[in-house]
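Overview (structure and organization)
Below, each chain spelled out in residue letters.
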Amino acid sequence: MKPIISFLETTRLARKQVYRNLTLFPLLAPNGIKPDYLTLDQALDGKLVEITELDDAGRVPELKLVNLGEKKVLIIEGEELVGAKQNRIVNSSFLIAGKAEVIIPVSCVEQGRWRYESDKFESGKKIMHASLRRNHQQDVSYSLRHGEGYISNQGRIWDGIAEKSARMKVAAPTGAIADVFESYEDNLSEFINKFKLIEWQVGAIFAINDQVLGLECFGCHDTFKRFFDKLVKSYALDALDSPKGQRKSVPPDKARRVIASVIKSNGESHPSLGLGKNITFESRIISGAALVKGNRVFHLSAFKKEGKGNPTHVRYQRYSQRRTLR
């Protein structure tokens, strides 16, 4: 936890920004670190990374990634990959070395399709909505604690997407979360236009109505800037789906308590599939994960727990135990 604590202790909250029922507290850090890596979008757009099914038959929870370039590539949990046999999201954040080939753990976010649309994956230019990411992250952390690797609860993801689609009245023929985002693109763009990046911003704390939902931050300003729109849309989709009750102001102390809770939480280190390590952490009110290499934090996300703050009691199941697609 030391790199995480050191990083968060250098940050400070800036004046909150509010649009409708979504509040954003910018998180600032006065460092000049420049990224010595590419984001997944940069690498895919530059054709420096290839992501494919493992073979012609494919396997839902795993994909093959080949880094063709010399630079490292940063992949963030919840990033969507579209194409091949079905759309997926990445199960955790990884830093992939140059000229490396790895098998990355993923989850399906398009239950009703299992046929090729393309040979290779492209970026979906989005991150899964925050409330489902919270559940997904908790399930992967549970799996790591029990020595089962970066495995998700696939059934819970499918259920979450189906429930979101039904509540938001979106017809999704293949059960794709992308259909929900696309149906609300105009509404989501309004949020993008209202929230602004500020100087030295490395992260943000998001609240819906009067409740903090999550903390998102990166080790340098340039990287957070590249993920800003994706993250705003991730939380805005939940804001659009939330009860339209009385809007209450979110005091800064609520945001500060989340940071303090991360600093005081208990952490557990896990070997990464790429460079560095993955640290999962948990306190009474939050749970989260961070990708760390040496003293640097590359990505950190944390979510306020639901209800009494207990970790998920839905025991994850291996994909092979819930083969509803085949």
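Predicted, not measured: the structure shown is a model, and the values here were computed from it.

In this section: the overall build of the chain. Across its full length, the chain carries eight helices and 18 strands. What you see for the chain is a C-alpha radius of gyration of 18 Å, in line with the 20 Å of a compact globule of 326 residues. In terms of overall dimensions, the chain has a C-alpha envelope of 50 × 45 × 35 Å along the principal axes. The buried share among the 326 residues of the chain stands at 56%. Across the chain, every contact between residues at least 6 apart in sequence was considered, and the portion connecting residues at least 24 apart equals 68%.

Turning next to unusual backbone geometry. Despite not being glycine, Lys47 shows a phi value in the positive range, around 55°. Within the secondary structure, Lys47 is located in the loop between helix H2 (40-45) and strand S5 (49-52). When its relative accessible area of 68% is taken as the criterion, Lys47 is described as exposed. Its identity as a non-glycine residue notwithstanding, Asn209 has a phi of 55°, on the positive side. When you line up the elements, Asn209 lands in the loop between strand S13 (201-208) and strand S14 (211-218).

This part is about the nonpolar core. By size, the foremost hydrophobic cluster in this structure holds 43 residues, and its most contacted members are Leu22, Phe191, Phe195, Phe206 and Val232. Residues contacting Phe206, with those up to four places away along its chain left out, are Leu22, Thr23, Leu24, Val212, Leu213, Gly214, Glu216, Leu231, Val232 and Tyr235. Membership of the second largest hydrophobic core comes to 26 residues, among which are Leu13, Ala29, Val258 and Val292.

What follows covers the packing of aromatic side chains. With the rule as written, the count across this model stands at seven aromatic pairs. Relative to Tyr150, the ring of Phe94 has its centre 5.1 Å away and its plane inclined at 75°; by these criteria the two rings are edge-to-face. Here Tyr150 lies in the loop between helix H3 (130-145) and helix H4 (154-167) and Phe94 lies in strand S10 (residues 94-96), a separation of 56 residues in the sequence. Each member of the pair Phe94 and Tyr150 is classed as buried. Both rings, one in Phe218 and one in Phe224, keep their centres 6.3 Å apart while their planes meet at 50°; by these two values the pair is tilted. What links up through ring pairs into an aromatic cluster is the set Phe218, Phe224, Phe227 and Phe228.

Looking now at the side chain of Arg88. Relative to the helices and strands, Arg88 resides in strand S9 (residues 88-90). Assessed through its relative accessible area of 0%, Arg88 is described here as buried. For Arg88, the side chain forms a polar contact with the side chain of Glu53, separated by 2.8 Å. Of the polar contacts made by the side chain of Arg88, one reaches the backbone oxygen of Gln86; its length is 2.9 Å.

Right, let's get into the sheet that holds strand S8 (residues 79-83). Through backbone hydrogen bonds, the strands of a sheet pair up, either in parallel or in antiparallel fashion. Strand order across the open sheet formed by six strands is S5-S6-S11-S9-S8-S12, with antiparallel pairing between neighbours. Sheet topology places S5 and strand S12 (121-127) at the edges, where each strand pairs with a single neighbour. Within this sheet the neighbouring strands show an average axis-to-axis angle of 35°, counted without direction. In the sheet, S8 pairs with S9 via two bridges, with the strands oriented antiparallel. The partner of Glu80 across the bridge, within S9, is Ile89. Its contacts with the sheet put helix H7 (residues 221-240) on S8 and S12, and the angle it makes with S12 is roughly 60°.

Contact geometry of H3 with H4 gives a least axis separation of 10 Å together with a crossing angle of 170°. With respect to their mutual orientation, H3 and H4 come out roughly antiparallel. Here H3 contributes Ser131, Leu132, Asn135, His136, Gln138 and Asp139 to the contact with H4, which in turn contributes Arg156, Ile157, Gly160, Ile161 and Lys164. When its residues are assigned to classes, the contact of H3 with H4 shows three nonpolar, five polar and three charged.

Let us now look at the sheet that holds strand S7 (residues 72-75). Pairing is mixed in the open sheet, where three strands are placed in the order S4-S7-S10. Sheet topology places strand S4 (37-39) and S10 at the edges, where each strand pairs with a single neighbour. Direction aside, neighbouring strands of the sheet carry axes that sit 30° apart on average. Taken together, the three bridges between S7 and S10 define a ladder with antiparallel strand orientation. Each bridged residue has a counterpart across the sheet, and for Ile75 the counterpart in S10 is Phe94.

Moving on, we come to helix H8 (residues 252-264). Taking 1.5 Å per residue, 13 residues should reach 18 Å; H8 reaches 19 Å between its end C-alpha atoms and fits that length. Among all positions of H8, only Ala255, Val258, Ile259, Ser261 and Val262 are buried. Projected down its long axis, H8 shows its buried positions confined to an angular sector of 160°, all on one face.

The rules behind each value
- Residues numbered from 1 in each chain as written.
- Predicted model: local features only at pLDDT ≥ 70, side-chain atom pairs only at ≥ 80, totals over all residues.
- Heavy atoms only, no water.
- Helix = DSSP H or I, 4+ residues; strand = E, 2+ residues; numbered from the N terminus.
- Rg over C-alpha atoms; globule rule 2.2 N^0.38 Å.
- Buried < 20%, exposed > 50% of the residue type's maximum accessible area, 1.4 Å probe, protein only.
- Contact = heavy atoms within 4.5 Å.
- Core = buried A, V, L, I, M, F, W, Y, C linked by side-chain atoms within 4.5 Å.
- Phe/Tyr/Trp six-rings, centres within 6.5 Å; stacked < 30°, edge-to-face > 60°.
- Polar contact = N/O pair within 3.5 Å; in protein donor to acceptor, adjacent residues only side chain to side chain.
- Pairing = 2+ DSSP bridges.
- Axes fitted to C-alpha atoms, helices over the stretch in contact; angles between N-to-C directions.
- Parallel < 35°, antiparallel > 145°, perpendicular 65-115°, else oblique.
- Nonpolar A, V, L, I, M, F, W, Y, C, P; charged D, E, K, R; others polar.
- Expected span 1.5 Å × (residues − 1).
- Arc of directions from axis to C-beta.

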